[in-house]
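Structure assessment
If you want the building blocks of each chain, they are given just below.
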Amino acid sequence: MRLIDTHCHLNYDAYDADRAEVIARAEAADVWRIVVPGTDVPGSREAVALAAAHDGVFAAVGIHPNSSAGFTEDWIEAIAPLVHSGKVVAIGEIGLDYYRDHATKADQHRALEACLALAAAMQLPVIIHNRDASDDLLDALARWRPKLPDPPGVLHSFSERWEVAQRGLDLDFYIGFTGPLTFKNADDLRTVAARVPLDRILIETDGPFLAPHPHRGKRNEPAYVRLVADRLAALHLTTLEAVAEQTTLNACALFC
Ligand SMILES: [Zn+2]
């Protein structure tokens, strides 16, 4: 069996003490690939360095909306050359976050537009963060869709209602599911996940955050992506192996 954790912040301090062990545990748990997204300029550099150091690790580079305060085009000039380092598979994570106020909406939109332009120029897919900003975000993605590659990207750590998933699917985006799919009070999210066709789903941890049940509240890590796949198997009335095979194919279609 081969699983892919399509989103883990392995560069964060939470893994400083035991990063090599975390990667070894992932391999032991059949996690064949890990995608590490960048959230700012230094983080994008760290993601690329981790990918260079570990066979199974791949990177994305981008400016997260919560890191977009004071955004300038220099930041794009700093991350653009990283794309040529050989193991950068996407631009991300990028998007909009109206729940937190780390950056103004104006800065968030400028960073998003610049990152989407970079993705279009480099013909790389995008990893999209969305918190309480579905309408503005999907409008931007619809506008950029003709210039983005095919498939264009993933709505990562999806936590919205079905109509938002449907709009994403209509734009050919994959839908990424994380630990909350396993939480006790997440019946609405499970209903959405059951409706998304398995050939449009990616699995992710979003570690160190959002650890799935029974690790909820503790540090998350790529080995736990199997618990997300397991829950999807139950929702789609199939086996863990079938979910692993299909979601790995999906991730390869997007990122390889
Ligand atoms: Zn993330």
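Before reading on, note that the structure itself is shown above.
Anyway, here's the lowdown on the structure attached to this text.

This part takes up the coordination of the zinc ion. Protein-derived coordination of the zinc ion comes from His7 (NE2), His9 (NE2), Glu93 (OE) and Asp206 (OD), at a distance range of 2.1 to 2.4 Å. Its four donor atoms give the zinc ion angles of 81 to 171° at the centre, a pattern that matches the irregular case. Along the chain, the residues that donate to the zinc ion are spaced as H-x1-H-x83-E-x112-D. Here glutamate 93, found in strand 4 (residues 88-97), pairs with aspartate 206, found in the loop between strand 8 (201-203) and helix 8 (225-235); they are 113 residues apart in sequence, far enough to count as distant. Look at glutamate 93 and you get buried, because its relative accessible area is 2%.

We now examine the nonpolar core. As a rule of thumb, soluble globular proteins bury nonpolar side chains together. Leu10, Ile91 and Phe177 are the most contacted members of the largest nonpolar core, which has 75 residues in total. For this core, the leading source of residues is helix 4 (residues 105-122), giving eight residues. In contact with phenylalanine 177, not counting residues within four places along its chain, are Phe158, Leu189, Ala193, Val196, Ile201, Leu202, Ile203, Glu204, Val228 and Leu232.

Another aspect to go through is the packing of aromatic side chains. Scanning the model with the defined rule gives three aromatic pairs in all. Both rings, one in tyrosine 12 and one in phenylalanine 209, keep their centres 5.9 Å apart while their planes meet at 75°; by these two values the pair is edge-to-face. Here tyrosine 12 is found in the loop between strand 1 (3-5) and helix 1 (19-28), whereas its partner phenylalanine 209 is found in the loop between strand 8 and helix 8, with 197 residues between them in sequence. Between phenylalanine 71 and tryptophan 75 the ring centres are 5.5 Å apart and the planes differ by 80°, which places this aromatic pair in the edge-to-face class. With relative accessibility at 23%, the residue tryptophan 75 sits in the partly exposed group. Across the ring face of phenylalanine 58, the terminal group of lysine 87 is positioned such that the distance to the ring centre comes to 4.7 Å. Over the ring of tyrosine 174 we find arginine 200, and its NZ or CZ is 4.4 Å from the ring centre.

The next point concerns unusual backbone geometry. The residue after aspartate 150, namely proline 151, is reached through a cis peptide bond having omega -5°. Assignment of secondary structure puts proline 151 in the loop between helix 5 (134-144) and strand 6 (153-155). With an omega of 10°, the peptide bond between glycine 207 and proline 208 qualifies as cis. Note on placement: proline 208 falls in the loop between strand 8 and helix 8. At leucine 210, a position not held by glycine, the phi torsion is positive, near 60°. Considering the arrangement of structural elements, one finds leucine 210 in the loop between strand 8 and helix 8.

We now examine the pattern of salt bridges. This model, assessed by the stated rule, comprises 13 salt bridges. Taking the shortest distance from any N to any O, the salt bridge between arginine 226 and aspartate 30 comes out at 2.8 Å. Of the two residues, arginine 226 is situated in helix 8 and aspartate 30 in the loop between helix 1 and strand 2 (31-36); the sequence distance between them amounts to 196 residues. Put simply, arginine 219 and glutamate 221 hold a salt bridge, and the shortest N to O gap is 3.5 Å. A cluster of three or more residues bridged by salt bridges with shared partners is formed by Asp18, Arg25, Arg219 and Glu221.

Rules used in this analysis
- Residues numbered from 1 in each chain as written.
- Predicted model: local features only at pLDDT ≥ 70, side-chain atom pairs only at ≥ 80, totals over all residues.
- Heavy atoms only, no water.
- Donors = N, O, S within 2.8 Å, 3.2 Å for Na, K, Ca; no water.
- Tetrahedral: all angles 85-135°; square planar, octahedral: opposite > 155°, others 65-115°.
- Helix = DSSP H or I, 4+ residues; strand = E, 2+ residues; numbered from the N terminus.
- Buried < 20%, exposed > 50% of the residue type's maximum accessible area, 1.4 Å probe, protein only.
- Core = buried A, V, L, I, M, F, W, Y, C linked by side-chain atoms within 4.5 Å.
- Contact = heavy atoms within 4.5 Å.
- Phe/Tyr/Trp six-rings, centres within 6.5 Å; stacked < 30°, edge-to-face > 60°.
- Lys NZ or Arg CZ within 6 Å of the ring centre and 35° of its normal.
- Salt bridge = Lys/Arg side-chain N within 4 Å of Asp/Glu carboxyl O.

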